[in-house]
Amino acid sequence: GISWSLAIFRFQLLDLVPVARERVLESMPIGMLTFDAHNRLVDINAIAKQMINQPASNLIGKSVPQYQAFITQDGQAKPYQEIEIDGQYQGILIVPLYSDLHEHAGTLLLVQDISRRKLAELAEGEQRRLVEILRETAADFNHALQLEEVLDLMMKHLAQLVQCDGINIILL
């Protein structure tokens, strides 16, 4: 009886805050990795485990190479960065953690899969490049009068379009 009372009241065995905290962290749609001041992983949620594709038992207490560049010794870092790992794009929010004495105590990384957005941005950039080449082509063709000049312009713009060093056209 005394040991149960001690466990319940002294060590807050039935306290709801740790249970609620655990549920929130595990159900977040964003990966969370917490590193100590020595760049060792001390906490990771389910989404981050999936992103890293390793069990937590292999990671806790160790460094995580793909994220080491974002962990600083002094807490100074860009607050947000984007990276690409194995064809997947991730947005990383970097939060330095400090002790009560205002000393750097570690780093919190919030990681989100941004692959769909990044691929859409890349596709949009490619579309803009194609539109610009077509615009230049139309402008050049409007000013060309000789067949040889038109063919030279066509080869120049085709080379830009397919991103190669040169193109040959054979007239039959």
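In the block above lies the structure referred to throughout.
Residues numbered from 1 in each chain as written. Predicted model: local features only at pLDDT ≥ 70, side-chain atom pairs only at ≥ 80, totals over all residues. Heavy atoms only, no water.

Draft legend 1. Highlighting the layout of surface pockets. Estimated volume of the largest pocket: approximately 160 Å³. Along the walls of the largest pocket sit M51, Q66, Y67, I85, D86, Q88, Q90 and D113, which together make up its complete lining. Looking at the lining of the largest pocket, its residues break down into three nonpolar, three polar and two charged. (1 Å grid on protein atoms, 1.4 Å probe; cavity = no way out; pocket = protein on both sides within 12 Å on 5 of 7 lines; lining within 4 Å. Points joined across faces, edges and corners; volume = space filled by probe spheres on them. Nonpolar A, V, L, I, M, F, W, Y, C, P; charged D, E, K, R; others polar.)

Draft legend 2. A look at the sheet that holds strand β4 (residues 88-98). Strand order in the open sheet formed by five strands is β2-β1-β5-β4-β3, and the pairing between neighbours is antiparallel. Looking at which strands have only one partner, the edges of the open sheet turn out to be β2 (41-44) and β3 (80-85). Each adjacent strand pair in this sheet contributes to an overall mean axis angle of 25°, direction not counted. With three bridges connecting them, strand β1 (residues 31-36) and β2 associate as antiparallel partners. Within β2, the position partnered with T34 by the bridge is D43. Contacts from helix α5 (residues 115-143) reach β3, β4 and β5 (104-113), with the element oriented near 125° to β4. (Pairing = 2+ DSSP bridges. Helix = DSSP H or I, 4+ residues; strand = E, 2+ residues; numbered from the N terminus. Axes fitted to C-alpha atoms, helices over the stretch in contact; angles between N-to-C directions. Contact = heavy atoms within 4.5 Å.)

Draft legend 3. Up close: the pattern of salt bridges. The final tally for this structure, using the stated rule, is nine salt bridges. R117 serves as the salt-bridge partner of E82, at 2.5 Å between the closest nitrogen and oxygen. One end of the pair, E82, is in strand β3; the other, R117, is in helix α5, and 35 residues separate them in sequence. The exposure class of R117 is partly exposed, given its relative accessible area of 37%. When the shortest N-O distance is used, the salt bridge between E82 and K118 registers 3.1 Å. With a gap of 36 residues between them, E82 in strand β3 and K118 in helix α5 connect regions that are remote in the sequence. Salt bridges sharing partners connect three or more residues here, namely E82, R117, K118 and E121. (Salt bridge = Lys/Arg side-chain N within 4 Å of Asp/Glu carboxyl O. Buried < 20%, exposed > 50% of the residue type's maximum accessible area, 1.4 Å probe, protein only.)

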